[in-house]
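Residue-level structure breakdown
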Amino acid sequence: MESLEAELDRARDLDVAALADAIVEIGFECTRCGACCKAETCGSEDGDENGESEPHTATVFPDEIRRVQDTGDEEYDFRDVARPMPYGLEDGPAGPEGETFEWALQTDDCGDCTFYEEREASETPHGDAGTGACTVHEDRPLICRTYPFSVALGGTSQPMGEAVDSEGMVRAHECEGLGRDISRAEAEDLAAALKERAIREIEEAIAVRDAYEPVETGPGEVVVHDSEGQKRPDGTPLD
Ligand code: SF4
Ligand code: SF4
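Anyway, here's the lowdown on the structure attached to this text. Nothing here was measured: the structure is a model prediction, and the numbers come from that model. (Residues numbered from 1 in each chain as written. Chains lettered and ligands numbered in written order. Predicted model: local features only at pLDDT ≥ 70, side-chain atom pairs only at ≥ 80, totals over all residues. Heavy atoms only, no water.)

Details of the site of ligand 1
Around ligand 1, the surrounding shell consists of Phe28, Cys30, Thr31, Arg32, Cys33, Gly34, Ala35, Cys36, Tyr147, Cys175 and Gly177. Per-class residue counts for the shell around ligand 1 are 7 nonpolar, 3 polar and 1 charged. (Near = heavy atom within 4 Å. Nonpolar A, V, L, I, M, F, W, Y, C, P; charged D, E, K, R; others polar.)

See the structure below:
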């Protein structure tokens, strides 16, 4: 397997024009269906009543959390924005415990992203009820800016499961807007964000690796190792 440093070089060498070509080839226009902002079943049409659903899990970097905290007119607490990524945590008697290596966007009781708002039909441009809006649109993290695409490089994340389509280095994930026409200019913007995200993800992975220090977690204790060190679930440093 290539080292993260070698993957970072490859990410920095990504050709935005080639990524844009691939995006044009695959095609995409967001219908604002909200599927990429919601829990897998709860809150969607086929949601079950027992709340048996996979909560939304989108990776967010420490600086992205701070940007969302200061977004627009609102001031959010750290925990309003992010929660420890549940992967790797264990179910202890007092709740989740253990170590994890990422932050995820905070979710509501339904498991949807906390910043997702469903709109009434009268409030949407095309009058379609159930169409969603991101309340932190301008400051949303890179993973949201680039959905449903990712690039096939080691050290980068593949959102929402396996790719459903691919072209060159670009992978496309579950999304009802795939296959629609996209302008060259929009594809280039998306491609530039996709390259930025690939670089950031690998830089974060390197920094997490380098900042890692083993920590003994007690019952009910959760520690997040991020690119800035070891933190409690409220984002404060451990020491
Ligand atoms: S799943 Fe696709 S079409 Fe639906 S909101 Fe997300 S990006 Fe847009
Ligand atoms: S931050 Fe916005 S775009 Fe990202 S998952 Fe939440 S509602 Fe969706």
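Back to the write-up after that little detour.
Remarks on the nonpolar core
A general trend in soluble globular proteins is that nonpolar side chains are found buried together. Ile23, Phe149, Val151, Leu153 and Val170 are the most contacted members of the largest nonpolar core, which has 23 residues in total. Listing elements by their share of this core, those giving two or more residues are helix 1 (4–12), helix 2 (16–26), strand 8 (149–151), strand 10 (170–172) and helix 6 (184–211). Sort the elements by how many residues they give to this core and helix 6 lands first, with 8 residues. Among the nonpolar cores identified, the runner-up in size contains 15 residues, and Val68, Tyr76, Phe115 and Ile143 belong to it. (Core = buried A, V, L, I, M, F, W, Y, C linked by side-chain atoms within 4.5 Å. Buried < 20%, exposed > 50% of the residue type's maximum accessible area, 1.4 Å probe, protein only. Helix = DSSP H or I, 4+ residues; strand = E, 2+ residues; numbered from the N terminus.)

What to know about the sheet that holds strand 11 (residues 222–226)
The strand order 3-4-11-12 describes an open sheet built from 4 strands, whose pairing is mixed. At either margin of the open sheet sits one strand with a lone partner, and together these are strand 3 (90–92) and strand 12 (229–231). Within the sheet, the average angular offset between the axes of one strand and its neighbour, ignoring direction, is 30°. In the sheet, strand 4 (residues 95–100) pairs with strand 11 via 3 bridges, with the strands oriented parallel. Its bridge partner lying in strand 11, glutamate 99 is registered against valine 223. (Pairing = 2+ DSSP bridges. Axes fitted to C-alpha atoms, helices over the stretch in contact; angles between N-to-C directions.)

Section: the environment of glutamate 174
Within the secondary structure, glutamate 174 sits in the loop between strand 10 and helix 6. Under the relative-accessibility criterion, glutamate 174 is labelled exposed at 53%. What glutamate 174 contacts, discounting residues up to four positions off in sequence, is Tyr147 and Val164. (Contact = heavy atoms within 4.5 Å.)

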